[in-house]
Amino acid sequence: MKLIFEKSVEGRQGFRNPRSDVGLEGEIPLKYRREKDCPLPEVSELDVVRHFTSLSQRNFSVDTHFYPLGSCTMKYNPKFTETIAAIEGFSNLHPLLPQLNHGEKLVQGALEVLYDMERLLCEITGMDRFTMQPLAGAHGELTGVMMMAAYHKAKGNKKKYIIVPDSAHGTNPATAAIAGYEIVSVNSDENGVMDLEELKEKITDETAGLMVTSPNTLGIFNSDVDKIAEMVHAVDGIMYYDGANLNAILGRCRPGDIGFDVMHINLHKTFSTPHGGGGPGSGPVGVNEKLIPYLPISMVDRRDDGMYYLNYDYPGSIGYLASFYGNFSIILRAYAYIIMAGGEGLKEVSNHAVLNANYIKERLKERFHLAYDRICMHESVFSASKQTERGVHAIDIAKFLIDQNIHPPTVYFPLSVKESIMIEPTETESKQTMDQFIDAMFKADELSQQQPESFHDLPKTTPVTRPDEVKAARDINTNYFQNT
Amino acid sequence: MIPYISNTENDVHDMLKVIGVSSIDDLFNDIKPRHAPRSFNLPEGKSEFEVVEHVKRLASKNATDLILFIGGGYYDHYVPSAVTSLVSRGEFYTAYTPYQPECSQGTLQALYEYQSAICALTEMEAANASLYDGGTALYEAVMMAARITKRDKVIMDGGVSPIYRKIIRTYTSNLNYEFQETPVVHGQSSREEIEKLLDKDTAAVILQNPNFFGTIDDHSDIVEKAHALGILVIESVYPVALGILKTPGAMGADIVTGEGQSLGLPLNFGGPYLGFMATRKKYIRKMPGRIIGQTVDANGKRCFVNTLQAREQHIRREKATSNICTNVALCALQSVIYMSLLGKHGFKALAQLNLDKAEFARQEIEKIEGVEVKRSSPTFNEFTVCLPIDASVVVEAMIDKGFAAGFPLGRYYKGMENYMIVAVTEKRTKKEISDYARALREVLAGAYCNTPVQDV
Amino acid sequence: METVEHLLYTKEHEWINIEDGEATVGISDYAQESLGDITFIELPSVGDEVEQFGEFVSVESVKAASDVFSPMSGEVIAVNEDLNENPGMINKSPYEKGWIARIKLSDSEEQSNLMTADEYSKFLVSVG
């Protein structure tokens with residue numbers, strides 16, 4: 001398919017600007033002007049609409065395909081939250097208004113959303129306060145770890161290390177490094193949870209904290225989590241809860257009650273805001289009393305007269321993490337989703353997310369090697385080890401699924417399982433859809449026995465086949481204009 | 001049950017049987033009674049209709065009928081309907097990060113086009129597929145410059161958005177960087193002060209064009225002096241202005257970042273926005289964030305993939321160029337649709353239109369007695385106004401007249417309490433501008449009669 | 001996996017060829033095989049001082065990035081510039097055309113910390 005730039009025809013217009021009604025022309029001295037006009041395409045509105053509509057049709061998405069991408073929680077995004085995000089009273093609101101004198105009066109509705117949302121998230125997680133500022137999960141992690149650093153600094157603690165399990169998301173070590181800490185990794189034991197003995201050895205006075213995803217990326221809830229918290233707290237370490245997998249435990253367990261001091265939530269996972277093909281996300285961070293003094297500013301607080309306002313009076317704060325108050329329209333969507341679901345609805349979410357994951361796990365395990373054969377939470381991890389012996393790797397199975405009109409599960413993550421296939425169906429999928437997926441997986445297994453070589457040129461039904469990634473990395477071409 | 005769960009009672013029964021447990025509760029046995037929530041008091045669920053009505057009621061508590069003359073880096077531009085319509089396609093917004101290229105060519109090609117458009121706009125060689133927002137993008141640029149130069153001193157021009165400067169200081173508080181800020185002279189970067197600080201320990205100079213006061217500059221001379229000492233220049237830009245302004249590429253900048261909100265994104269009370277970043281090709285491997293590259297498939301057909309992934313957190317872990325994971329792909333898509341619609345001529349015309357309207361507004365405001373519009377350096381669509389009294393008081397009084405009249409500078413610049421910056425986009429009509437000037441005259445006249453204007 | 005008889009090896013899969021106080025350094029066949037198609041190499045600069053087992057080069061493949069450690073201490077006196085244009089040479093010819101750098105050695109005693117081809121082959125078997 002042509003690029004939009006290749007569709008350009010000189011003189012064609014896609015949009016009419018308002019006419020100038022001011023009867024004069026502003027001037028800029030020549031030395032400050034650009035020499036050549038910006039070479040954007042010259043296309044009609046219809047050209048643009050056809051182009052991007054055709055592009056959209058080259059995507060798999062939740063709206064069009066089953067998308068059991070493990071650890072990503074690709075659940076259905078209810079359409080009404082889009083209606084809500086488009087309400088002009090919010091979408092046209094300028095973020096600097098509350099920074100004017102008494103400007104909070106101008107944005108009471110927006111501040112109320114942020115205030116209410118904070119209370120809802122506190123009740124859901126057992127935390128005491130939340131900041132809405134972080135713009136994605138990884139950004140939330142960084143926020144949390146920076147608060148951890150501020151806490152230790154204030155207490156005069158000499159800390160050097162953050163402990164993470166080997167099944168951790170790649171963002172964990174990257175975050176710790178940016179916050180100035182080094183990483184210590186702990187291996188999983190035979191049950192798929194952190195090896196307690198090894199952890200004991202690794203916790204020292206220099207341990208700043210422990211970052212845990214719970215349930216972990218193997219889909220397993222570690223029952224010893226509260227004991228681990230005690231061990232970490234004994235050296236005045238901070239327990240960090242990576243909320244990537246919160247979808248599994250809503251109403252069953254709250255991180256704040258089992259010893260976590262700080263956590264982030266990926267609103268685009270658990271609370272069903274759209275992933276957007278890779279963002280925008282939103283990663284609110286919750287803390288217990290210990291870390292409240294270090295929350296980023298501003299916070300939304302309420303005066304006695306009921307007026308909401310932006311409170312900058314947190315002298316211990318780590319400072320400003322984002323330009324404003326978070327990805328507001330994403331927070332608004334998640335807020336709408338939570339009040340729609342209510343407490344019972346949220347429990348149903350986790351119930352069915354876990355039920356669906358176990359159903360798939362139980363059916364698939366007769367043909368695929370299950371990394372840890374036990375009840376799982378919202379996702380399960382298989383290994384394509386049996387198929388690999390026949391020359392068919394996890395990636396081949398993924399490509400096979402694309403031809404079956406199914407978005408592949410996550411492959412090659414977590415790293416601790418070889419040839420891993422990580423499946424998270426989410427609560428919004430029906431048994432019929434999952435049965436189709438299971439049938440497709442069985443077909444893949446059969447084909448791996450009969451014609452293993454047939455996998456290598458899959459997928460065949462997509463607009464393009466397997467890309468040459470080596471060429472992409474060696475002959476770098478990331479800009480149409482670099483060669484024109 | 002909420003309407004987004006499909007399982008019927010029969011399904012649940014059948015599935016439990018397959019799993020071999022008798023109830024859903026049995027699936028949660030790893031969560032022990034001692035882990036149970038101490039409380040879970042959430043409101044009862046609501047229907048879609050009730051939620052929409054509730055949120056509409058909240059929206060009505062916001063003052064969105066104000067006529068906006070406030071900018072500060074975030075501008076009230078018109079968003080064409082085709083932009084909104086196309087990004088609302090579920091195939092785009094309900095997709096994940098394009099890890100499986102064969103079934104994500106839509107997102108991948110669109111992001112490649114976005115990167116190309118950003119390069120065209122800035123006259124740089126390589127852009128990434130987006131960062132969170134203009135402020136965090138600038139912070140990432142600082143980190144990138146430090147990685148490239150292996151130096152740790154950074155010079156920040158006082159004309160760089162104070163919001164951005166605060167963000168940079170927050171992020172680097174645990175790392176060993178030394179920041180020095182230089183003042184603005186006649187609205188432009190102080191050559192003298194910057195040059196004094198340039199040395200072999202300096203990683204980067206951060207500049208902004210137009211700067212926070214709205215003034216335009218040509219930083220080519222600073223770039224030349226910086227490069228002579230191996231220092232990189234980071235330029236933060238306002239993309240709509242680049243329809244006519246000299247580009248950072250032409251000035252020789254090494255890393256360019258900016259806030260892409262003005263490229264077809266609603267104001268949305270602060271987000272989601274769009275951080276963009278572009279650089280020289282030789283620095284591409286040091287750039288954070290996702291990068292989409294063109295390649296061929298097994299049949300030799302052109303296609304697009306996530307490339308240079310070895311820089312990223314999921315591979316390099318603690319050695320990654322950044323911890324960034326999710327970025328703002330949908331916002332990038334939105335902006336490339338916007339730029340495509342406007343096109344080569346429309347985009348330039350849009351910039352000119354902003355300039356024209358701002359010039360008209362300047363002239364109207366200048367006529368008001370006691371008010372001075374700073375004109376020591378040229379400006380684009382935002383300019384600095386000096387008022388006879390505290391600007392924050394004037395702006396507050398203007399709210400009652402229906403205008404968000406500008407952003408008072410006293411909040412971020414000590415000693416500038418009587419100044420405000422005023423932004424004028426293509427959406428402001430001649431009538432609105434004239435009404436604004438009249439209202440401002442009235443407010444100031446009232447202020448002379450009974451100062452303070454209002455002690456609310 | 002191929003090894004070359006007269007070279008010495010490290011546990012991190014680098015090789016070194018020592019001749020008269022100078023040496024050529026590269027990565028082993030095993031290393032290139034496990035990295036896959038190499039897409040980029042960040043070479044050191046001539047004049048850089050390197051320490052034994054210190055990081056001095058990083059190589060990238062499509063889905064991995066790894067550091068290369070210097071087998072011995074010394075000063076970099078030449079680098080294989082051809083790898084900038086053609087990093088895949090490391091895959092094709094890890095022991096010859098894919099050499100990475102030449103080093104003027106500062107301490108020949110350090111040889112004793114390295115493995116012979118025979119020892120390295122056994123080491124490879126032990127790490128599976």
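The rules behind these values
- Residues numbered from 1 in each chain as written.
- Chains lettered and ligands numbered in written order.
- Predicted model: local features only at pLDDT ≥ 70, side-chain atom pairs only at ≥ 80, totals over all residues.
- Heavy atoms only, no water.
- Helix = DSSP H or I, 4+ residues; strand = E, 2+ residues; numbered from the N terminus.
- Rg over C-alpha atoms; globule rule 2.2 N^0.38 Å.
- Buried < 20%, exposed > 50% of the residue type's maximum accessible area, 1.4 Å probe, protein only.
- Contact = heavy atoms within 4.5 Å.
- Areas by Shrake-Rupley, 256 points an atom, 1.4 Å probe, with all protein chains shown as cover.
- Lys, Arg positive; Asp, Glu negative; His and termini not counted.
- Charge placed at Lys NZ, Arg CZ, Asp CG, Glu CD.
- Pairing = 2+ DSSP bridges.
- Axes fitted to C-alpha atoms, helices over the stretch in contact; angles between N-to-C directions.
- Phe/Tyr/Trp six-rings, centres within 6.5 Å; stacked < 30°, edge-to-face > 60°.
- Buried area = accessible area lost by both parts, 1.4 Å probe.
- Salt bridge = Lys/Arg side-chain N within 4 Å of Asp/Glu carboxyl O.
- Polar contact = N/O pair within 3.5 Å; in protein donor to acceptor, adjacent residues only side chain to side chain.
- Nonpolar A, V, L, I, M, F, W, Y, C, P; charged D, E, K, R; others polar.
- Domains from an automatic or database assignment.
- Parallel < 35°, antiparallel > 145°, perpendicular 65-115°, else oblique.
- Left-handed = near helix turned anticlockwise from the far one by under 90°.
- Core = buried A, V, L, I, M, F, W, Y, C linked by side-chain atoms within 4.5 Å.

1. Description of the overall build of chain A
Step number 1: Counting its regular elements, chain A contains 14 helices and 13 strands.
Step number 2: Scaling as 2.2 N^0.38, a compact globule of 484 residues should have a C-alpha radius of gyration of about 23 Å, and chain A matches this with 25 Å.
Step number 3: Along the first, second and third principal axes, the C-alpha atoms of chain A reach 75 × 60 × 45 Å.
Step number 4: Within chain A, the fraction of its 484 residues that count as buried is 70%.
Step number 5: Within chain A, counting contacts between residues at least 6 apart in sequence, those at least 24 apart form 70% of the total.
Step number 6: If you sum the accessible surface of chain A, you get close to 15,600 Å²; carbon and sulfur atoms cover 46% of it.
Step number 7: For chain A, the separation between the mean place of its 47 positive charges and that of its 64 negative charges on side chains is 4 Å.

2. Topic: the sheet that holds strand β7 (residues 65-69) of chain C
Residues and elements named next belong to chain C.
Step number 1: One open sheet holds the 3 strands; their spatial order is β4-β6-β7, and the pairing between them is antiparallel. With one partner strand each, in any of the chains shown, β4 (38-42) and β7 form the two edges of the open sheet. Along the sheet, successive strands turn relative to each other by an average axial angle of 25°, direction set aside.
Step number 2: In this sheet, strand β6 (residues 55-61) lies alongside β4 in antiparallel orientation, the contact comprising 4 bridges. Each bridged residue has a counterpart across the sheet, and for Phe40 the counterpart in β6 is Glu60.

3. Regarding the packing of aromatic side chains
Step number 1: Enumeration over the complete set of coordinates arrives at 33 aromatic pairs over all chains.
Step number 2: Seen in terms of ring centroids, A:Phe15 and B:Tyr78 are 6.2 Å apart; in terms of plane orientation they differ by 15°. Their pairing is stacked. Of this pair, A:Phe15 sits in the segment before α1 (45-56) while B:Tyr78 sits in the loop between β1 (67-68) and α3 (81-87), which puts the two residues in different chains.
Step number 3: Seen from their ring centres, B:Phe213 and B:Tyr413 are 4.8 Å apart, and the 50° between their planes marks the pair as tilted. Residue B:Phe213 is located in the loop between β7 (202-209) and α9 (220-228), and its partner B:Tyr413 is located in the loop between β16 (407-408) and β17 (419-423); the two are separated by 200 residues in the primary sequence. Comparing B:Phe213 with B:Tyr413 shows no difference in burial state: the two are buried.

4. Quick look at the environment of B:Leu341
Step number 1: Within the secondary structure layout, B:Leu341 lies in helix α12 (residues 329-366).
Step number 2: In this structure the C-alpha to C-alpha distance between B:Leu341 and B:Met144, which are 197 residues apart in sequence, comes to 33 Å.
Step number 3: Those residues in contact with B:Leu341, other than ones at most four positions away along the chain, are A:Gly14, A:Phe15, A:Glu45, A:Val48, B:Pro80, B:Ala82 and B:Val83.

5. Section: the interface of chain C and chain A
Step number 1: Contact residues are listed per partner, giving 8 residues for chain C and 4 residues for chain A.
Step number 2: When the two sides are added together, the surface that chain C and chain A hide from each other amounts to roughly 470 Å², 58% of it contributed by carbon and sulfur.
Step number 3: Of all residues in chain C, the largest losses of buried area upon contact with chain A belong to C:Asp37, C:Thr39 and C:Val62, amounting jointly to 71% of the total for that side.
Step number 4: Taken together, chain C and chain A are joined by 0 salt bridges.
Step number 5: Where chain C packs against chain A, one counts 1 residue pair in polar contact (both at pLDDT 80 or more).
Step number 6: In the side of chain C that touches chain A, the residues fall into 3 nonpolar, 3 polar and 2 charged.

6. Overview of the domain arrangement of chain B
Residues and elements named next belong to chain B.
Step number 1: Assigned domains of chain B: these are domain 1 (9-53), domain 2 (67-76 + 344-449) and domain 3 (81-338).
Step number 2: Taking only C-alpha atoms into account, the centre of domain 2 sits 29 Å from that of domain 3.
Step number 3: Interface area for domain 2 against domain 3, summed over the two sides, is near 2,300 Å², with a carbon-plus-sulfur share of 70%.
Step number 4: For the pair domain 2 and domain 3, the interface holds 0 salt bridges.
Step number 5: There are 9 residue pairs in polar contact (both at pLDDT 80 or more) connecting domain 2 and domain 3.
Step number 6: Contributions of two or more residues to the side of domain 2 that touches domain 3 are made by α12 and β14 (382-386).
Step number 7: Split into classes, the residues belonging to the side of domain 2 that touches domain 3 amount to 16 nonpolar, 9 polar and 3 charged.

7. A look at the side chain of A:Arg129
Residues and elements named next belong to chain A.
Step number 1: Tracing the backbone through its elements, the reader meets Arg129 in strand β1 (residues 129-131).
Step number 2: Engagement of the side chain of Arg129 in a polar contact is seen with the side chain of Asp301, the distance being 2.9 Å.
Step number 3: Separated by 3.1 Å, the side chains of Arg129 and Tyr314 make a polar contact.
Step number 4: Not counting the four nearest positions on each side in its chain, Arg129 is found in contact with Glu118, Arg119, Cys122, Val285, Gly286, Val287, Ile292, Leu295, Met299, Val300, Asp301 and Tyr314.

8. What about the interface of chain B and chain A?
Step number 1: At the interface, 198 residues of chain B touch 207 residues of chain A.
Step number 2: Taken together, both faces of the contact between chain B and chain A bury some 17,300 Å²; the carbon and sulfur share is 62%.
Step number 3: Of all residues in chain B, B:Tyr4, B:Glu102 and B:Phe269 bury the most surface against chain A, accounting for 6% of the area lost on that side.
Step number 4: Put simply, chain B and chain A have 10 salt bridges between them.
Step number 5: Here A:Asp226 ties to B:Arg34 by a salt bridge, and the two come within 2.5 Å at their closest N and O atoms.
Step number 6: At the boundary of chain B and chain A, one finds 97 residue pairs in polar contact (both at pLDDT 80 or more).
Step number 7: When residues of the side of chain B that touches chain A are assigned to their parent elements, the largest contribution, 26 residues, is made by α12(B).
Step number 8: Across the side of chain B that touches chain A, the residue classes break down as 103 nonpolar, 56 polar and 39 charged.

9. Topic: the pairing of strand β13 (residues 420-423) of chain A
All names here are of chain A.
Step number 1: A two-sided burial pattern is seen for β13, the buried positions comprising Ser420 and Met422 on one face and Ile421 and Ile423 on the other.
Step number 2: In the sheet, strand β11 (residues 380-383) pairs with β13 via 4 bridges, with the strands oriented antiparallel. In the sheet register, Val381 faces β13, and the bridge partner there is Met422.
Step number 3: Here strand β12 (residues 410-411) runs beside β13; their pairing, made up of 2 bridges, is antiparallel. Looking at β13, one finds that Val411 is bridged to Ile421.

10. Focus on the side chain of A:Thr465
Step number 1: With respect to the helices and strands, the residue A:Thr465 is situated in the loop between α13 (431-450) and α14 (469-474).
Step number 2: Side-chain polar atoms of A:Thr465 contact the backbone nitrogen of B:Ala298, separated by 3.3 Å.

11. Side note on the packing of helix α10 (residues 328-364) of chain A against α13(A)
All names here are of chain A.
Step number 1: Running from N to C, α10 and α13 point in directions that differ by 30°, and their axes come no closer than 10 Å. The angle between α10 and α13 falls in the class roughly parallel. For the pair α10 and α13, the sense of crossing is right-handed. Along the contact surface, α10 presents Asn356, Tyr359, Ile360, Arg363 and Leu364, while α13 presents Lys431, Met434, Asp435, Phe437, Ile438, Met441 and Phe442.
Step number 2: Residue classes in the contact of α10 with α13 are distributed as 8 nonpolar, 1 polar and 3 charged.

12. As for the nonpolar core
Step number 1: Judged by nonpolar contacts, the single largest core of 236 residues is most densely connected at A:Phe90, A:Phe271, A:Leu346, A:Leu364, A:Phe437, B:Tyr436 and B:Leu440.
Step number 2: For this core, the leading source of residues is α10(A), giving 18 residues.
Step number 3: Dropping the residues within four chain positions of it, A:Phe271 is found in contact with A:Leu121, A:Ile124, A:Leu246, A:Leu250, A:Ile265, A:Asn266, A:Ala334, A:Tyr337, A:Ile338 and A:Leu346.
Step number 4: Among the nonpolar cores identified, the runner-up in size contains 68 residues, and B:Val237, B:Tyr238, B:Ala278 and B:Ile337 belong to it.

13. Let's talk about the pattern of salt bridges
Residue and element names in this part refer to chain B.
Step number 1: Taken as a whole and judged by the stated rule, the model has 63 salt bridges over all chains.
Step number 2: The salt bridge partner of Glu91 is Arg89, with a shortest N-O separation of 2.9 Å.
Step number 3: Note on Glu91: relative accessible area 15%, which makes it buried.
Step number 4: Arg89 sits in the partly exposed class, given a relative accessible area of 23%.
Step number 5: Note that Glu181 is salt-bridged to Arg169, the shortest N-O span being 3.1 Å.

14. Quick look at the packing of α1(A) against helix α5 (residues 105-122) of chain B
Step number 1: Their axes nearest at 7 Å, the elements α1(A) and α5(B) cross at an angle of 135°. Our classification of the angle between α1(A) and α5(B) gives oblique. Across the interface between the two elements, A:His51, A:Phe52 and A:Leu55 of α1(A) pack against B:Gln105, B:Gly106, B:Gln109, B:Ala110 and B:Glu113 of α5(B).
Step number 2: Residues belonging to the contact of α1(A) with α5(B) are distributed by class as follows: 3 nonpolar, 4 polar and 1 charged.

15. A short note on the domain arrangement of chain A
All names here are of chain A.
Step number 1: Here the domain parsing of chain A yields domain 1 (83-340) and domain 2 (350-469).
Step number 2: One C-alpha centre belongs to domain 1, the other to domain 2, and the line joining them spans 31 Å.
Step number 3: Counting residues at the interface gives 24 residues for domain 1 and 18 residues for domain 2.
Step number 4: With both sides pooled, the region where domain 1 packs onto domain 2 buries about 1,500 Å², and carbon together with sulfur makes up 54% of that total.

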